[in-house]
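# Summary of structural features
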Amino acid sequence: MADEPVELYRRWLAAWSDRHAVLEPIIAADAVGHWPEGDVVGPRGFARAIAETVDQFDSVEFDVQAGPLVGDGYVAARWVVSCRMGDETMAFAGHDFVRVADGKIAEYWPAIFPTA
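On a predicted model such as this, the values are computed, not experimentally measured, just so you know. (Residues numbered from 1 in each chain as written. Predicted model: local features only at pLDDT ≥ 70, side-chain atom pairs only at ≥ 80, totals over all residues. Heavy atoms only, no water.)

### What to know about the environment of V81
For clarity, the cut-off: Under the scheme used here, helices are H or I runs from DSSP no shorter than 4 residues and strands are E runs no shorter than 2 residues, and both carry numbers assigned from the N terminus. Contacts are assigned to residue pairs with any non-hydrogen atoms lying within 4.5 Å of each other.
Position of V81 among the secondary structure elements: in strand 4 (residues 74-85). Spatially, the C-alpha atoms of V81 and V54 are 11 Å apart, while their sequence positions differ by 27 residues. Other than its neighbours up to four places away in sequence, V81 contacts V60, E61, F62, M90, A91 and F92.

Next up, the structure:
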């Protein structure tokens, strides 16, 4: 089904706002996430990387501005995330490149930049 990678990516972004998200249904056991700080492996590694980011904030909300674009087993999207901490809100822009295999995220490359 053509919508499967788009739905998978939607669930991936939703996991960033849900501190209790279960990642096993969307992240392959041997998936590799290539974060700037270093690689993580599997659903637990991805969960730790997400927690290290979102636990700094009271809430995070993604606004996908381009995509997700799907083709040849990859999903790409450009987004802006708004992060709230107390009364302060900050925004970051970024993009994701995701390789999908067997209906799960198999590899992930994020990029994130502070907005002006």
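### Quick look at the side chain of D96
As a reminder, the rule being used: Only protein chains enter the accessibility calculation, which uses a 1.4 Å probe; a residue is then buried when its area is under 20% of its type maximum, exposed when over 50%, and partly exposed in between. Counted as positive: Lys and Arg. Counted as negative: Asp and Glu, with His and the chain ends omitted from the count. Take a side-chain nitrogen of Lys or Arg and a carboxyl oxygen of Asp or Glu: if they are within 4 Å of each other, that pair is a salt bridge. Pairs of N or O atoms within 3.5 Å make up the polar contacts considered here, provided that, within protein, one atom can donate a hydrogen while the other can accept it, and that residues adjacent in sequence are counted only when both atoms are side-chain atoms.
You can see D96 is positioned in strand 5 (residues 88-101). Nearest to the buried, unbridged D96 among oppositely charged side chains is R78, at 9.6 Å. Side chain to side chain, D96 and Y108 meet in a polar contact 2.8 Å long. If sequence neighbours within four positions are ignored, D96 has contacts with Y9, W12, L13, V75, A76, A77, W79, Y108, W109 and P110.

### Observations concerning the side chain of E107
Among the structural elements, E107 can be located in strand 6 (residues 104-114). For E107, the residues in contact, after removing those within four places along its chain, are V32, H34, F97, V98 and R99.

### With respect to the pattern of salt bridges
Counted according to the given criterion, the structure contains 3 salt bridges. Between R84 and D58 there is a salt bridge, and its shortest N-O distance comes to 3.6 Å. Taken together, the residues R84 in strand 4 and D58 in the loop between helix 2 (42-54) and strand 3 (59-71) connect sequence positions 26 residues apart. On the basis of relative accessibility, which here comes to 37%, the residue R84 falls in the partly exposed class. What makes D58 partly exposed here is its relative accessible area of 43%. The closest approach of N and O atoms between R99 and E107, which form a salt bridge, is 3.1 Å. On the accessibility criterion, R99 (27% relative accessible area) is partly exposed. Residue classification places E107 among the buried residues on the basis of a relative accessible area of 18%.

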